[in-house]
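Report on the structure
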Amino acid sequence: MEFIRFNNVTKQYKNGVVAIYDLNLSIEKGDFCFIIGGSGSGKSTLIKMLYREEKPTRGEIIIGGLKVNKLRNANVYKLRRKLGIVFQDYRLLPKSNVYENVAFALEAIGAKKKEIRPKVLKALELVGLKSKLRDYPDNLSGGEQQRVAIARAIVNEPKLLICDEPTGNLDPVMSMEIVDLLEEINKKEGTTVVMVTHDKVIVDKKKKHVIALKEGHLYKDYKEGEYIDEIL
Amino acid sequence: MRFFRIVGRSIRDAFKSVGRNFSLSLASISCIIVTLVIVALSIVITYNVDNFTSELKKDLTIVAFVSNEADKADVDKLKTDIQEISNVEKVTFKSKSDIKDEMMKEDEAFENVMKQWDEEENPLQNTYLIKVKDIEKISETATAINNLSAIDTVKYGEGMVDQLVTVFKTAQKVSIVAVIALVLMTMFLIVNTIKLTIFSRKREISIMRLVGASNFAIKIPFVVEGMILGFLGSLVPVGLLIYGYKSLYNYFGGRLFTDIIKLVKPEPFIYYAAGIVVVIGIIVGMIGSGRAVRKYLKV
């Protein structure tokens with residue numbers, strides 16, 4: 001079943017730079033999809049349009065039946081509640097501990113107090129950090145911080161997990177652990193995962209659906225297992 | 001329910017934030033204190049002036065002395081003439097013999113002299129006592145009455161009343177201008193305090209956006225913070241108002257300089273005034289923070 005659809009999407013920034021040209025693509029529900037490409041290929045723009053940080057100049061983006069490009073600013077939160085987003089720089093609150101960081105996502109949307117605790121504990125268990133509830137981000141390794149960020153992203157049980165180079169700051173071993181974790185979430189929870197990366201080793205090894213971008217155009221859409229390492 | 005949970009959390013966050021940016025919060029609170037002290041003062045002045053002028057209105061009477069040459073028909077016609085003047089509320093006739101009797105009762109010396117006067121010899125004049133609707137127009141009304149042919153002179157304590165009304169009206173105007181200027185300055189300070197809070201919580205705000213907090217949930221902690229600043233700033237002026245006005249009232253014995261100017265009784269007046277001061281404090285805080293949120297929080 002189709003979950004994400006881009007129809008003739010073009011994005012031109014105010015300074016005149018065109019980041020995406022007439023892009024058409026489709027991602028299935030429950031899919032694990034890598035978006036790859038060199039610098040300036042438009043992968044960051046693509047992902048920003050997914051969580052409606054940027055709006056396409058032309059074309060249509062549909063996520064789970066919701067026309068994202070038609071969404072008014074005041075209603076963007078309705079989309080975001082269905083998404084989890086993970087960044088390269090973790091974006092944790094330094095003065096809050098692991099538990100509070102994850103709980104913050106639920107508090108911010110006005111979740112009930114008695115709902116928060118079990119959900120946070122479940123998410124932290126899934127990412128393997130249940131023993132570090134009271135630790136502060138500064139006392140954690142990069143990989144652990146990214147796990148906290150992932151726990152925060154999945155705590156609200158999103159349909160779609162968007163990851164913008166989540167392994168960019170991590171060594172190869174930790175990177176692989178994080179991708180393994182995302183894969184586990186994808187399988188266990190049925191969450192659709194879209195991950196931007198330029199880590200070829202990971203993409204090579206995982207044999208997933210790969211969307212390759214080049215200079216704002218769709219270079220190739222490899223189905224699962226089709227990807228072969230090409231120089232983009 | 002979600003609404004109340006968000007508001008509850010906002011109040012908690014807002015209190016934390018007031019403490020976190022304590023020096024700037026203190027600057028805003030001090031400014032609110034100064035503003036609200038002046039607001040309180042102007043409420044006291046305005047209310048007292050209103051009270052004083054309405055008391056005056058009840059008491060103030062124009063006395064029109066009728067010329068002794070006027071015959072009975074002239075005197076009767078005068079009543080209708082006076083009643084036709086627009087600002088006149090009530091006209092009462094007091095004959096010169098009534099006045100003579102009153103004066104004789106008041107003083108023994110008068111009695112001795114006056115009892116020898118008969119109707120013809122009585123040098124006093126028939127009078128009309130006139131109440132006006134609007135005391136600010138009393139001098140125009142007095143002139144109009146004075147222009148009637150059978151009237152000799154008109155008295156209403158002109159100099160003093162005019163001056164008092166002018167002095168109080170000026171005090172009222174000055175305090176209103178001062179209040180507006182101070183309110184604007186206070187809002188400016190609150191905008192800056194909230195701006196700092198917004199910057200210090202930038203990361204939190206960006207995460208809130210990402211996880212799908214509504215604009216309302218993002219904005220409300222800052223607006224609440226402004227309201228808390230306004231409320232805290234109103235406490236000192238309220239204290240000053242309640243204790244200050246009570247002691248002022250007791251010190252002057254409920255009157256200012258003369259018996260004409262009676263002060264408004266402290267209770268329940270000061271409690272209403274205190275309520276107004278608190279509400280103004282909170283509203284100024286709310287508007288100030290609302291402006292900051294609109295300007296610096298792009299939601």
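Placed above this text is the structure.
In every chain, residue numbers begin from 1 and rise along the written sequence. Each chain gets a letter, beginning with A, and each ligand a number, beginning with 1, in the order they are written. Thresholds applied to this predicted model are a pLDDT of at least 70 for local features of residues and 80 or more for the giving and counting of side-chain atom pairs; totals over whole chains, interfaces and linings are not thresholded and use all residues. To obtain the side-chain values, all non-hydrogen atoms of the structure were included, while hydrogens and water were left out.

1. Digging into the layout of surface pockets
Computed over the protein atoms alone on a 1 Å grid, cavities are sets of points where a 1.4 Å probe fits but cannot get out and pockets are open sets with protein on both sides within 12 Å along at least five of seven lines; a residue lines them when it has an atom within 4 Å of a point. Grid points are joined across faces, edges and corners, and a volume is the space filled by probe spheres set on the points. Within this model, the second largest pocket holds a volume of roughly 550 Å³. Lining the second largest pocket are 18 residues, and of these A:Leu93, A:Ser96, B:Lys16, B:Arg20 and B:Glu204 sit closest to its centre. Residue composition of the lining of the second largest pocket, grouped by class: 5 nonpolar, 3 polar and 10 charged. Asp, Glu, Lys and Arg are counted as charged, while Ala, Val, Leu, Ile, Met, Phe, Trp, Tyr, Cys and Pro are counted as nonpolar; the rest, among them Gly, fall into the polar class.

2. Things to note about the pattern of salt bridges
Salt bridge, as used here, is a side-chain nitrogen of Lys or Arg placed within 4 Å of a carboxyl oxygen of Asp or Glu. Tallied over the full model, the rule gives 19 salt bridges over all chains. Taking the shortest distance from any N to any O, the salt bridge between A:Glu60 and A:Lys67 comes out at 3.5 Å. Classification of A:Lys67 by relative accessible area gives partly exposed; the value is 38%. Notably, a salt bridge pairs A:Glu107 with B:Arg12, separated by 3.4 Å at the nearest N-O pair. Residue burial is assigned from relative accessible area. The probe radius is 1.4 Å, only protein chains are included, and a residue is buried under 20% of its type maximum, exposed over 50%, and partly exposed in between.

3. Structural notes on the sheet that holds strand β3 (residues 127–132) of chain B
All names here are of chain B. One open sheet holds the 4 strands; their spatial order is β2-β3-β1-β4, and the pairing between them is antiparallel. Taken across any chain shown, the strands that pair with only one partner, and hence form the sheet edges, are β2 (88–94) and β4 (151–155). Each adjacent strand pair in this sheet contributes to an overall mean axis angle of 20°, direction not counted. At least two bridges found by DSSP between two strands are what make those strands a pair. Note on conventions: DSSP H or I runs of at least 4 residues are helices, E runs of at least 2 residues are strands, and numbering of each starts at the N terminus. Two strands pair when backbone bridges link them, and strand β1 (residues 61–66) and β4 are joined in this way by 4 bridges, in the antiparallel orientation. Considered in β4, the bridge of valine 66 is made with isoleucine 151. By definition in these notes, contact holds between two residues if any of their heavy atoms fall within 4.5 Å. A fitted line through C-alpha atoms serves as each axis, taken over the contacting stretch for helices, and the angle formed by two N-to-C directions is quoted from 0 to 180°. Those strands touched by helix α6 (residues 138–146) are β1, β2, β3 and β4, and its axis lies near 165° from that of β4.

4. Re the pairing of strand β7 (residues 160–164) of chain A
All names here are of chain A. Within β7, 5 of the 5 residues are buried, which leaves it mostly tucked inside the rest of the structure. The alternating pattern of β7 places Leu160, Ile162 and Asp164 and Leu161 and Cys163 on opposite faces, both of which are buried. Here strand β6 (residues 83–87) runs beside β7; their pairing, made up of 5 bridges, is parallel. Its bridge partner lying in β7, glycine 84 is registered against leucine 161. Note that β7 and strand β8 (residues 192–196) share 5 bridges and pair parallel. Residue pairing in the sheet places aspartate 164 in a bridge with valine 196 of β8. Following the chain from β7 across helix α6 (residues 172–189) to the adjacent parallel β8, one finds a crossover that is right-handed. Every crossover in which the path from the first strand over the helix to the second runs clockwise, viewed with the strands pointing away from the viewer, is termed right-handed.

5. Re the packing of helix α9 (residues 215–252) of chain B against helix α10 (residues 266–296) of chain B
Any two packed helices are characterised by the angle at which their axes cross and by the distance between the axes. All names here are of chain B. Relative to each other, α9 and α10 sit at 155°, their axes nearing to 7 Å. With respect to α10, the element α9 is oriented roughly antiparallel. Where α9 crosses over α10, the handedness of that crossing is right-handed. When the residues that make up the contact of α9 with α10 are grouped by side-chain class, the tally is 21 nonpolar, 6 polar and 3 charged. Convention used here: angles under 35 degrees read as roughly parallel, angles over 145 as roughly antiparallel, angles from 65 to 115 as roughly perpendicular, and any remaining angle as oblique. By convention, the crossing between two helices is left-handed when the near helix turns anticlockwise from the far helix through less than a right angle, and right-handed when the turn is clockwise.

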